[in-house]
Amino acid sequence: MSSDSVSAPAVGTALPCPPRLLTAIIVFAAIAPGILMTAPAVAAQLATQWQLGPAQIGHLFSTELGAMSLATLPAWWWIGRINWRRVATLSALVFIAGNLASALVQDFTLLLPLRFIASLAGGTLMILCITCAAGTANPSRVYAFWVLGQLVLGAVGLLVLPPLFAHFGLMAVYLILAAIMLCCLPLIPAFPNGFTAARTARSGPAASLARKLCAVLAVLTFYISLSAVWTFIGGIAAGAGLSPAHSGQVLAVATLLGIVGAGAAALIGARFGGGRLIVLGYALLLASVALLTGQPLLLRFALAALLFKFTWTFVLPFILARVAGLDNDGKLMNGINLVIGGGMAIGPTLAGSLIESSGGFNALLFGALGCALLSLLLISLASPRAPRRITGGER
């Protein structure tokens, strides 16, 4: 077999996750959505430096998110045909070139296509990271680190970018992303040549199309629910009469709790049963959304926001690991990339319509509760059945 061919070990094996591969998954998955993770700081700089309006800024970030999601479409073709290391190398180089070019332009109409190209390359790297994590022996732990890397990079970026913008302008963020990606090129050989299916405890045929569909819809409704609530959580605080200073402090602490939630999931891994942790996570998520109803005072709002952010990042790795267990060719986890982007786009749109039609936030919150409950039902339907125990008389 040539070095450029795709290696696809048989279902039933699992890819070990040595530190180098884990580092590659964490780092590339954090860099790829770097602009989106630091969106508040970047948006503020676009408004002050380029004098862009809200519509133009929104269009730019929609372009970034859309390109990352659309990377799924070509991946359905190359994921089983082309050596993944070649794909990673090409994507990383395009990402670097796109960000360097973005740092040099001064025109919004030129920046848009450059951001689309760079984000398409970043989305391809994200697909590689998601799919590689699916093939490891402990995907829930790897996905927890996947989430943790993005949160940490976002928090650091929001802290260091404003002073850098004051001295170097908008080009700082694009140059930093290009430089980090350049430094990470030596990690590309850590990726496998192709897909390796995760080892499962059960034996038997591959998962049915119905179970895979339930898993995809579970992730979609989960992201619709959380993106709808998180987008307007500041408005919920304002509607309850809380000052921007108080709500801002609560949300800043909530972001740190999100890092703690992902870290807890990484420490736990699959040791205590993913099914029980998924049910617990959804229960806490539902409780946090319920606490936001009825114009909460500061204490209740703080409890709800902290619980919401912690639970969101805690339960997500176990949900993705459940979906990964159904994937026997890498294409299901590739589709999850599109589903995540779709859910993040649909949630705020539906939430805005509900707020405008009802004149308040309760309709949004009840809709989010319904989506979260539906997601729990769907992920339960996608769960593998327990293997039938063979007695001594059955051989």
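- An unreviewed UniProt entry annotates the protein as MFS transporter originating from Serratia montpellierensis.
- The UniProt entry for the protein carries the following comment under Subcellular location (unreviewed entry): "Cell membrane".

**Description of the side chain of Thr-72**
Now for step 1: Along the chain, the position of Thr-72 falls in helix H5 (residues 72-78).
Now for step 2: Within polar-contact distance, the side chain of Thr-72 engages the side chain of Asn-337 at 3.1 Å.
Now for step 3: Ignoring any residue separated from it by four or fewer positions in sequence, one finds Thr-72 in contact with Ile-127, Asn-334, Gly-335, Asn-337 and Leu-338.

**Some remarks on the packing of aromatic side chains**
Each pair of aromatic rings is reported with the distance of its centres and the angle of its planes.
Now for step 1: Within this structure, the stated rule accounts for 9 aromatic pairs.
Now for step 2: The rings of Phe-222, Tyr-223 and Tyr-282 are connected pair by pair, giving a single aromatic cluster.
Now for step 3: The side chain of Lys-309 reaches across the aromatic face of Trp-230, ending 4.6 Å from its centre.

**Considering the packing of helix H1 (residues 19-31) against helix H7 (residues 108-134)**
Now for step 1: Contact geometry for H1 and H7: axes closest at 9 Å, N-to-C directions at 145°. In this structure, H1 crosses over H7, and the sense of that crossing is left-handed. Of H7, the residues touching H1 (which contributes Ala-24, Ile-25, Phe-28 and Ala-29) are Leu-125, Met-126, Cys-129, Cys-132 and Ala-133.
Now for step 2: Of the residues belonging to the contact of H1 with H7, the class tally is 9 nonpolar, no polar and no charged.

**Digging into the nonpolar core**
Now for step 1: Of all hydrophobic cores here, the largest spans 123 residues; its most connected members are Phe-28, Leu-46, Tyr-143, Trp-146, Val-173 and Phe-222.
Now for step 2: The element best represented in this core is helix H14 (residues 298-324), accounting for 15 residues.
Now for step 3: With residues near it in sequence (within four places) discarded, Val-173 still touches Ile-35, Val-42, Leu-161 and Phe-165.

**Quick notes on the pattern of salt bridges**
Now for step 1: All told, the structure shown has 1 salt bridge when counted by the stated rule.
Now for step 2: Its salt-bridge partner being Glu-64, residue Arg-115 comes within 2.7 Å of it at the nearest N-O pair. Residue Arg-115 is located in helix H7, and its partner Glu-64 is located in helix H4 (residues 54-70); the two are separated by 51 residues in the primary sequence. Just as Arg-115 is buried, Glu-64 falls in that class too.

Cut-offs applied
- Residues numbered from 1 in each chain as written.
- Predicted model: local features only at pLDDT ≥ 70, side-chain atom pairs only at ≥ 80, totals over all residues.
- Heavy atoms only, no water.
- UniProt positions renumbered as here; feature names shortened; annotations may be inferred.
- Helix = DSSP H or I, 4+ residues; strand = E, 2+ residues; numbered from the N terminus.
- Polar contact = N/O pair within 3.5 Å; in protein donor to acceptor, adjacent residues only side chain to side chain.
- Contact = heavy atoms within 4.5 Å.
- Phe/Tyr/Trp six-rings, centres within 6.5 Å; stacked < 30°, edge-to-face > 60°.
- Lys NZ or Arg CZ within 6 Å of the ring centre and 35° of its normal.
- Axes fitted to C-alpha atoms, helices over the stretch in contact; angles between N-to-C directions.
- Left-handed = near helix turned anticlockwise from the far one by under 90°.
- Nonpolar A, V, L, I, M, F, W, Y, C, P; charged D, E, K, R; others polar.
- Core = buried A, V, L, I, M, F, W, Y, C linked by side-chain atoms within 4.5 Å.
- Buried < 20%, exposed > 50% of the residue type's maximum accessible area, 1.4 Å probe, protein only.
- Salt bridge = Lys/Arg side-chain N within 4 Å of Asp/Glu carboxyl O.

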